[in-house]
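# Observations on the model geometry
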Amino acid sequence: MGNCSQGCKDYFSRQKNTNIRLTLPVVCFVWQIAMIILFGVFIRYDEESDTHWVETKAHDNITSDIENDFYFRYPSFQDVHVMIFVGFGFLMTFLKRYSFGAVGFNFLIASFGLQWALLMQGWFHSLDPQTGKIFIGVESLINADFCVAGCLIAYGAVLGKVSPVQLLVMTLFGVTLFAVEEYIILNLLHARDAGGSMVIHTFGGYYGLAISRVLYRPNLHQSKRMQGSVYHSDTFAMIGTLFLWMFWPSFNSAITDHGDGQHRAVINTYLCLASTVLTTVAISSLSQKTGKLDMVRIITMSDDLSNSTLAGGVALGTAAEFMISPYGALIVGFFCGIISTMGYIFISPFLEKTLKIQDTCGIHNLHAMPGVIGGIVGAITAAAASESVYGKQGLINTFDFTGDFKDRTVLTQGGYQAAGMCVSIVFGVVGGAIVGSILKLPIWGDPADENCFDDEVYWEEEHQESIPPILEYNNHMIHKQQDL
Amino acid sequence: MGNCSQGCKDYFSRQKNTNIRLTLPVVCFVWQIAMIILFGVFIRYDEESDTHWVETKAHDNITSDIENDFYFRYPSFQDVHVMIFVGFGFLMTFLKRYSFGAVGFNFLIASFGLQWALLMQGWFHSLDPQTGKIFIGVESLINADFCVAGCLIAYGAVLGKVSPVQLLVMTLFGVTLFAVEEYIILNLLHARDAGGSMVIHTFGGYYGLAISRVLYRPNLHQSKRMQGSVYHSDTFAMIGTLFLWMFWPSFNSAITDHGDGQHRAVINTYLCLASTVLTTVAISSLSQKTGKLDMVRIITMSDDLSNSTLAGGVALGTAAEFMISPYGALIVGFFCGIISTMGYIFISPFLEKTLKIQDTCGIHNLHAMPGVIGGIVGAITAAAASESVYGKQGLINTFDFTGDFKDRTVLTQGGYQAAGMCVSIVFGVVGGAIVGSILKLPIWGDPADENCFDDEVYWEEEHQESIPPILEYNNHMIHKQQDL
Amino acid sequence: MGNCSQGCKDYFSRQKNTNIRLTLPVVCFVWQIAMIILFGVFIRYDEESDTHWVETKAHDNITSDIENDFYFRYPSFQDVHVMIFVGFGFLMTFLKRYSFGAVGFNFLIASFGLQWALLMQGWFHSLDPQTGKIFIGVESLINADFCVAGCLIAYGAVLGKVSPVQLLVMTLFGVTLFAVEEYIILNLLHARDAGGSMVIHTFGGYYGLAISRVLYRPNLHQSKRMQGSVYHSDTFAMIGTLFLWMFWPSFNSAITDHGDGQHRAVINTYLCLASTVLTTVAISSLSQKTGKLDMVRIITMSDDLSNSTLAGGVALGTAAEFMISPYGALIVGFFCGIISTMGYIFISPFLEKTLKIQDTCGIHNLHAMPGVIGGIVGAITAAAASESVYGKQGLINTFDFTGDFKDRTVLTQGGYQAAGMCVSIVFGVVGGAIVGSILKLPIWGDPADENCFDDEVYWEEEHQESIPPILEYNNHMIHKQQDL
């Protein structure tokens, strides 16, 4: 028994081996081949992307190709696609030496995740009972990107501390859990969540935090030298921030109802995000102590600004399509900027020291907490909806009070919205704890504590072997003088 | 009297205090709360973004949701949004140590400005007399972004020399002046200005130049060490340039007439911008002297290329929707590239030395002067419009010769276009002079002459305290050898 | 005879003169003026971008402006535009000191090329026989961007080794050849090639490789110090990669049929690209040897990842609009990732050493070879098309079996597709060889072997003369301490 215990301990604490030359290719190949087989069995074009569309049009008396769903959603889809790959990728480039890992692994897991998401979401939401097939169109692509977003959020918590194989495993389970909680929240509870405050952000946030808790590294300070940012890495991170911020209206409106639904979600998100920027700046500025120098260093660490300005978009995810009214959107943004920035100042240290959650990108303040706020805002605004504001048909359309749900009242709807939020938290925390335990197995090639946040572990960098910039500069000067 | 004079002088020349820990949060909070109250009183969704759209559709016999204005304008809106936040923001990152200020303050003032613009433009253009409300939709969002663009242009002239509080004040007044001059030009004079050559660029340019004149700093050379660019900062600036350049067709077509109006504005702008690139390169290359080295350093300072290539888009702002014909667009671009590049070589030094206007980003050559050219091109092409080219109905549609203006001739229209341009110049110069005087008060926390163009004044930079890169490199090497 | 030979040799091997202060402006001015004249003679707005659209609408019973082709294609056009200027431009910024050349010359030649493309493609495809005019609309702009893409691909092979004048000459001939081969492939052979696997990528790739072969530099190793990348230059290159990758669905769907055609092309490309990422990562990881350190450097040189991940989009160019089915798209991506990455490892060294083709950006693996694969995939899937899958009308629409081609069978179509691919290869190789010979004349100002890959040759860099960063840092520190 003692031997076993000792053996286990040795097994877990042995020298870290980051060689993933075998595991990574095997995982990639096996999963990609599995995707091909499953797609072959299950996935087909839907009627709007099939060559039979010409017959569908005739049958449904559709007069123009412009009424194909493609033209309603494609511009939003491309914006969301940019958010997933450039937005999330570059947002995480603030670390001085982890740009390749941030952008590259983000690229890898998003590309895998979206394939698996098409299958999982298809099985749960749109499996045709007669043919046993899943029919996909542009809305499926958007939903797959959304699903991937949940996993990329979770990546933010463990950035720099895990191997690409761990990330792929985390994504496999993350997408699976996502599809199930999404099914429960949207289909069974019939909650509304257009921009995914609950389904995407709350789930993704707590999923990542729970994994990070299980993978707690007490000696992470050993890689402290790599944890800061440098000037240019912060500028790269601003690219990610801005593309997320600018395209968030597309995110929140991408799958809302045609017509006024998409239109209103854009207006609400646009206003909410603008309001968030001002309160974020205000709180950041207030929080800086006067330094030794007589001139005060003000405003904000770029991290605050990068992340908190986005919280407004998250917090309006659920209510984006509701008649929250323009000033309502501003109010949500106002408080969200304050709370999120406060989070960086007060809650993040608490999480790290007391709860032992090492949250590299601060996803608790950017996604988890604003997601919960979004869920609450959604529940309240749903419960407060009235026929006088929405109109009779408008109320039915907005909350989809049709079929089995045609007799549901707005108050009941508010209750189910709140229930949905609880489901997303539970799935995130419990799912993350289980997946974290799997990722703790010492077979995944994760880096040692002193090698965290360093691209060199997983990326071939030819130039690292070259002479340092200053010597190179000297050579350059010498070379120039020889030319003269 | 002498005492007073001395006292005033002391008051103005006392040690600069850049502590804005109080003023910035207060301004942000007060203004954001004011926005919420005013939005609560005045702003509502318009009929295309309201849940009552389903009734509007039935009432107006609209058969498909795709005819919601959202689908005509949303792709252009998102492009404009990228121009405002990434385009303008990154265009100004060329300074070696002012990337945070460029992108971050741009972000702050744009987020505030667009809220204030929705109110100001609403009061002047779309206040419903019956309900006393302003109804907003996607076109309002585009117009708000346009209005903000005027202030961001002005920011280019004072980049690095003002505090964020000053920028917020400048934006508050800038948006206010903008809404008034826009009302005079578009509504009273009934001039056409789809891409805002006059309303946005001429006004914004002269507004910024006038402010910069009032805030003239005779000892700015004290921060000369910070005024240059470095290799990577120029590359970041190219990101801004390209996103402005690529999306300018969307800028000029975003609020033109549905159908052929938007289509034609895109073609014209696309061609004009392409033509501008070639003449900019030609003039830049011509202007470089042969250095001592036998190999000649050619083409251009990246500043020329960054800015002058964009001048074509500015210069076609007014005429973009007119039947200027494809070769006409090329001609405008041809001359605009020449004039703008010449401006950098000859006019900028003149402005600085003789007129004492310190124009950090060269907005005179990129916005003010091309804006005036655009106004002139617009006036001439309007006056030269004929029914044979436009068609009877086409002429009416293009110049909106309806209602009170149904008897206006194209010649008269040309005159009013020219009058509009004068209005925008007057508003810019006079407004800028007044606002500049306000900004001269020593309460706004602007930096001392020797601290201009330096992010350190307003931004917490943790990494600055760290060891310099070369020492870090050595440590890194030592660390690696220890690993062996 | 001996004298002549000697004289010729001297003529070609004389000291390189990179002074293009005369040639570059002259070429730019002459060509731009020629464009203006030719546009004046030939180019007019088409009926959807002309003010007479109001009459066209009435005549054709078009009920809504939304049916203007503009609204079907503009979002895709803007994405393609971003690919051309940011995508191709930044993809080539990986070299440590050639970012200005990569982005700036890309900007220059694209701006010239698209004007010439509008003319050349107009003459071949849409010259109105009655009026002798070319009528352009948004689809023409997309086609012009596509045509330019062919030349930008070729630029990738000679990046850093040619002067801007050479690039302009290369673009002039490249666009000309492009229009001819496109006419043969699309009109005479009636092959389908929506995303241009053959027309754009195969042609562009072999055109560039043939030019690079003719311009072979045996002593290129003399500029070896400039050939590597640095950390931030690789991060910039990721911006280019990602924008190409994300917007490739727009590229492949931009000019396909309205409705299901565009919809299907997006789905296919989206899936194919995702699949490519996984196999690229797998092969890259496999290919890295274990280094001396116990930790293995894994995954990939960023070059692999940057380029090979894009190969899937190229390889699906022809078949994107076909009913290749979702799993078919995944399979194409699967093999394309493998082959392209293998190409970097095995074929690139072979090309350089044995065939003496110096391919700076590896366009053989990114464009030429995947383009050929795309042509083959297109031919096979066309030949395998059946009425049961496509539907009767769907088959006719997809392959445009109308007019002269109404009796063509899918098998014949497959043969013509294959013939089209051969045409593109022949045009690329032969055209490139001829143009390369022209570019070999010693009048174009190309850099000496030891000055390749260096922005300093053609770009004024003020900051290069400044003190090196480390000294500057010291000064900065001194300055700060003085402030205390």
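Values in this document were obtained by computation on a predicted structure and should not be read as measured data. (Residues numbered from 1 in each chain as written. Chains lettered and ligands numbered in written order. Predicted model: local features only at pLDDT ≥ 70, side-chain atom pairs only at ≥ 80, totals over all residues. Heavy atoms only, no water.)

## A few points about the overall build of chain A
Spelled out, the test is: Note on conventions: DSSP H or I runs of at least 4 residues are helices, E runs of at least 2 residues are strands, and numbering of each starts at the N terminus. For the accessible areas, the method is Shrake-Rupley and the probe is 1.4 Å, while residue cover comes only from the protein chains on display.
The number of helices and strands found in chain A is 17 helices and 2 strands. Carbon together with sulfur atoms contributes 62% to the accessible area of chain A, which is approximately 15,600 Å² in total.

## Notes on unusual backbone geometry
Backbone phi values are negative for most residues with the exception of glycine, while trans is the configuration of most peptide bonds. Residue and element names in this part refer to chain B. Operational definition: We call a residue buried when its accessible area falls under 20% of the maximum for its residue type, exposed when it is over 50%, and partly exposed in between, using a 1.4 Å probe and counting protein chains only.
In the Ramachandran plot, Ser325 falls in the positive-phi region, its phi being about 70 degrees despite a non-glycine side chain. In this fold, Ser325 is placed in the loop between helix 11 (302-315) and helix 12 (326-353). Taking the relative accessible area as the measure of exposure, Ser325 reaches 13% and is therefore buried.

## Considerations on the interface of chain A and chain B
Convention followed: Note on contacts: a residue pair qualifies if any of its non-hydrogen atoms lie within 4.5 Å across the two residues. By definition, the buried area sums, over both parts, the 1.4 Å-probe accessible area that each loses when the two are put together. In what follows, salt bridge is the name for a side-chain nitrogen of Lys or Arg lying within 4 Å of a carboxyl oxygen of Asp or Glu. Counted as a polar contact is a pair of N or O atoms within 3.5 Å, where, for protein atoms, one must be capable of donating a hydrogen and the other of accepting one, and residues adjacent in sequence contribute only when both atoms are in side chains. Any residue that is not Ala, Val, Leu, Ile, Met, Phe, Trp, Tyr, Cys, Pro, Asp, Glu, Lys or Arg is counted as polar, Gly included; the first ten are nonpolar and the last four charged.
Counting residues at the interface gives 84 residues for chain A, matched by 85 residues for chain B. Between chain A and chain B, a total of about 7,600 Å² is buried, with carbon and sulfur atoms accounting for 71% of that surface. Three residues stand out in chain A for area buried against chain B, namely Tyr231, Tyr270 and Leu278 of chain A, and they jointly supply 12% of the buried area on that side. Linking chain A to chain B there are 0 salt bridges. Run the count over chain A and chain B and you get 15 residue pairs in polar contact (both at pLDDT 80 or more). Those elements that provide at least two residues to the side of chain A that touches chain B are helix 4 (69-91), helix 9 (231-253), helix 10 (260-287), helix 11 (302-315), helix 12 (326-353), helix 14 (387-390), helix 15 (392-399) and helix 17 (469-483) of chain A. In terms of residues, the side of chain A that touches chain B owes the most to one element, helix 10 of chain A, which gives 19 residues. Counted by class, the side of chain A that touches chain B contains 46 nonpolar, 26 polar and 12 charged residues.

## Regarding the relation of the copies chain A and chain B
What counts here: Overlaid copies result from least-squares superposition on C-alpha atoms, with residues included only where pLDDT is at least 70 in both.
Of the transformation placing chain A onto chain B, the axial shift is 0.0 Å and the rotation is 120 degrees, giving an RMSD of 0.0 Å. The symmetry that links the two subunits is that of a three-fold axis. Relative to the rotation axis, the C-alpha of Pro75 of chain A is the closest in chain A, positioned 3.5 Å from it.

## With respect to helix 8 (residues 197-214) of chain A
Each full turn of the α-helix corresponds to 3.6 residues, which orients residues three or four apart in the same direction. Filter applied, for reference: A helix is expected to span 1.5 Å multiplied by its residue count minus one.
Over its 18 residues, helix 8 of chain A runs 24 Å from end to end, which matches the ideal 26 Å to within 8%, given 1.5 Å per residue. Taking burial as the measure, the 18 residues of helix 8 of chain A include 16 buried ones, the bulk of the element.

## Topic: the relation of the copies chain A and chain C
Note on the chain copies: they are related by a rotation about an axis and a translation along it. The two copies are related by a screw operation: chain A maps onto chain C through 120 degrees of rotation and 0.0 Å of translation along the axis, at an RMSD of 0.0 Å. Take the interface residues of chain A: only 14% of them recur as interface residues in chain C, which is what a contact between different surfaces looks like.

## Some words on the environment of Ala385 of chain B
Residue and element names in this part refer to chain B. Note that Ala385 resides in the loop between helix 13 (363-383) and helix 14 (387-390). The sequence separation of Ala385 and Ile324 amounts to 61 residues, and the corresponding C-alpha distance is 8.9 Å. Among residues more than four places away in sequence, those in contact with Ala385 are Tyr390, Leu395, Phe399 and Val410.

## Topic: the nonpolar core
As a rule of thumb, soluble globular proteins bury nonpolar side chains together. Rules: By convention a nonpolar core is built from buried Ala, Val, Leu, Ile, Met, Phe, Trp, Tyr and Cys residues, the set being connected through side-chain atoms within 4.5 Å.
Tyr155 and Phe243 of chain A, Tyr155 and Phe243 of chain B together with Tyr155 and Phe243 of chain C are the most contacted members of the largest nonpolar core, which totals 464 residues. The contacts of Phe243 of chain A, once residues within four sequence positions are left out, are Val82, Met83 and Val86 of chain A, Val82, Val86 and Phe243 of chain B together with Phe243 of chain C.

## A few points about helix 9 of chain A
Residue and element names in this part refer to chain A. Counted only if it meets this: What is called the bend at a residue is the angle between a pair of axes, fitted to the seven residues leading up to and ending at it and to the seven starting from it.
With 23 residues, helix 9 should reach 33 Å at 1.5 Å per residue; the first-to-last C-alpha distance of 34 Å fits that figure. The largest bend in helix 9 is about 50 degrees, located at Phe247, with the proline Pro249 one to four residues further on. Among the 23 residues that make up helix 9, 23 are buried, leaving the element largely enclosed by the rest of the structure.

## Examining the packing of helix 9 of chain A against helix 4 (residues 69-91) of chain B
The condition that has to hold: What counts as an axis is a line fitted to C-alpha atoms, over the stretch in contact for a helix, and the angles between N-to-C directions run from 0 to 180 degrees. Note on terminology: angles under 35 degrees are roughly parallel, angles over 145 are roughly antiparallel, angles of 65 to 115 are roughly perpendicular, and the others are oblique. The crossing is said to be left-handed when, going from far helix to near helix, the turn is anticlockwise and less than a right angle, and right-handed when the turn is clockwise.
For the pair helix 9 of chain A and helix 4 of chain B, interaxial distance at closest approach is 10 Å and the crossing angle is 155 degrees. One way to sum up the angle between helix 9 of chain A and helix 4 of chain B is to call them roughly antiparallel. Two packed elements cross with a definite hand, and for helix 9 of chain A against helix 4 of chain B that hand is right-handed. Along its contact with helix 9 of chain A, which presents Thr235, Met238, Ile239, Leu242, Phe243, Trp245, Met246, Phe247, Pro249 and Ser250 of chain A, the element helix 4 of chain B presents Tyr74, Gln78, His81, Val82, Phe85, Val86 and Phe90 of chain B. Of the residues that constitute the contact of helix 9 of chain A with helix 4 of chain B, the class distribution is 13 nonpolar, 4 polar and no charged.

## What about the packing of helix 4 of chain B against helix 6 (residues 138-158) of chain B?
Residues and elements named next belong to chain B. For the pair helix 4 and helix 6, interaxial distance at closest approach is 9 Å and the crossing angle is 20 degrees. With respect to their mutual orientation, helix 4 and helix 6 come out roughly parallel. In terms of crossing hand, the pair formed by helix 4 and helix 6 is left-handed. Listed contacts from helix 6 to Asp69, Phe70, Arg73, Tyr74, Phe77, Val80, His81, Ile84 and Phe88 of helix 4 are Val138, Glu139, Leu141, Ile142, Asp145, Phe146, Val148, Ala149, Leu152 and Ile153. For the contact of helix 4 with helix 6, the class distribution of residues is 14 nonpolar, 1 polar and 4 charged.

## Focus: the packing of aromatic side chains
Condition: Paired rings are identified among Phe, Tyr and Trp, the last through its six-membered ring, by centres lying within 6.5 Å, and are further divided according to the angle between planes into stacked (under 30 degrees), edge-to-face (over 60) and tilted (the rest). As a reminder, the over-ring test applies to NZ of lysine and CZ of arginine, requiring each to be within 6 Å of the ring centre and within 35 degrees of the ring normal.
All chains considered together, the criterion is met by 78 aromatic pairs over all chains. Between Trp245 of chain A and Phe85 of chain B, the aromatic rings sit 4.5 Å apart at their centres with planes inclined by 50 degrees, giving tilted as the arrangement. Residue Trp245 of chain A is located in helix 9, and its partner Phe85 of chain B is located in helix 4; the two belong to separate chains. With a centroid separation of 5.6 Å and 45 degrees between ring planes, the pair formed by Trp248 of chain C and Phe251 of chain C is classed as tilted. On the criterion of helical spacing, the pair formed by Trp248 of chain C and Phe251 of chain C is a turn pair, its members being 3 residues apart in helix 9 (residues 231-253). By the burial criterion, Trp248 of chain C is buried, and Phe251 of chain C matches it. Cluster of aromatic residues (ring-pair linked, three or more members): Phe70, Tyr71, Tyr74 and Phe77 of chain A together with Phe72 and Tyr270 of chain C. Directly above the aromatic system of Tyr216 of chain B lies the positively charged group of Arg213 of chain B, at a separation of 5.9 Å from the ring centroid.

## A word on the side chain of Gln78 of chain A
Following the sequence through the fold, Gln78 of chain A ends up in helix 4. From its side chain, Gln78 of chain A meets the backbone oxygen of Met246 of chain C in a polar contact 3.3 Å long. Not counting residues within four places of it along the chain, the set of residues in contact with Gln78 of chain A comprises Asp79, Met246, Phe247, Pro249 and Ser250 of chain C.

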